[in-house]
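# Working through the structure, step by step
Here are the chains, one letter per residue:
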Amino acid sequence: MAFNHRNLIDITEYSADDLMLMLRTAERFRSVNERRVKKLPTLRGYTVVNMFNEPSTRTRSSFEIAEKRLSCDTLNFGGSSTSTVKGESLTDTVRTLCSYKIDLIVVRDKHAGVPRKVADVSGVHVIDAGDGKHQHPTQALLDLYTIWQKFGHIEGLNVGIVGDINHSRVCGSLIPALRTLGAHVTIVAPATLRPARPEVLGVEHATARLDEALPDLDVVYMLRIQRERLEGAPYPSLREYNMLYGLTEEREKLMRPDAIVCHPGPINRGVELDSFMADHPERSAILDQVYAGVLVRMAAMYLLLGGSDDGLTA
Ligand code: CP
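Cut-offs and rules
- Residues numbered from 1 in each chain as written.
- Predicted model: local features only at pLDDT ≥ 70, side-chain atom pairs only at ≥ 80, totals over all residues.
- Heavy atoms only, no water.
- Helix = DSSP H or I, 4+ residues; strand = E, 2+ residues; numbered from the N terminus.
- Buried < 20%, exposed > 50% of the residue type's maximum accessible area, 1.4 Å probe, protein only.
- Contact = heavy atoms within 4.5 Å.
- Domains from an automatic or database assignment.
- Buried area = accessible area lost by both parts, 1.4 Å probe.
- Arc of directions from axis to C-beta.

Helix and strand counts for the protein come out as eleven helices and nine strands. Across its three principal axes, the protein shows a C-alpha extent of roughly 55 × 45 × 35 Å. Out of the 314 residues in the protein, the part that is buried amounts to 55%. Taking contacts inside the protein between residues at least 6 apart in sequence as the whole, the part at least 24 apart equals 73%.

Below is the structure:
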């Protein structure tokens, strides 16, 4: 099938067919990642710039591994070691990088909208690796892949997203992607951490009561409490948040027998997720999500740079 996207910045621009092509392509890269020589010549000759202006462990490392496995040349760039600290504008920085005849820029930034600006200025392919409170499309893809692998389908599943909805770029991509693929989405959060009108997010249900929501959920997706983005005090204390919204050993008894727990990381252990649940051998899909990050990022770069589903020989 044809893949007609130049960038991966706004996941709402992707149809159900586009998303499933991404997931099926990621699945074909799984075998490469499970053999002894984990490398393909597929993107040899292409140059990718990883422009990370905000801290990252999972996204940055999995993009770098994905790029190495596809044999492209890479430049890791960003943060306090660049000339932006001397006052250089984003536009001048991006134009400078593009002088090297690069092909793709992966952008992580604390400001929403930077990946779109980079795409407009550069004219090369751009992947949003998380921008402010806006979107995190490859996180949504790895979440979809993990859920698809666990259940064999996504349509009809009940997915509960629990926590700090208002500050979450994960929600900005995951909720529309789940809806596009036919999942039912419930948000579970105190009124101070979710929109006054949750229907604007496209979710079907919103509640402040985790204990009432848990028995209906196939996927319990716990969000990180983002201390760095909180202003004011949307809940009395982290201890109280854990009592009302933390996924604890006690609450595990309310879950469906085959329900799984997801979390984008990094985890605040003892706040949104107790270690019992984070490390639960049957229920926790968190390290599966991390692994899926390499597969979907290989798929995204491969498809954006012109690969097709029938041209992939892994
Ligand atoms: N989920 C996620 O984006 O994690 P990092 O901030 O470690 O990349």
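Back to the text.
We note that the domain assignment places domain 1 (11-133 + 291-308) and domain 2 (137-286) within the protein. Between domain 1 and domain 2, the C-alpha centre-to-centre distance is 26 Å. Each side of the interface is counted separately: domain 1 has 29 residues, and domain 2 has 25 residues. Surface buried jointly by domain 1 and domain 2 totals about 2100 Å² across both partners, of which 68% is contributed by carbon and sulfur atoms. Of all residues in domain 1, I11, L23 and K133 bury the most surface against domain 2, accounting for 29% of the area lost on that side.

Three or more residues of helix α4 (residues 114-122) are buried, namely V114, P115, V118, A119 and S122. Axial view of α4: buried residues confined to an arc of 140°, hence all on one face. Of the surrounding secondary structure, the elements contacted by the buried residues of α4 are β1 (47-52), α3 (90-98), β3 (104-109) and β4 (125-131). Directly beyond the C-terminal end of α4, a positive phi value near 75° is found at G123.

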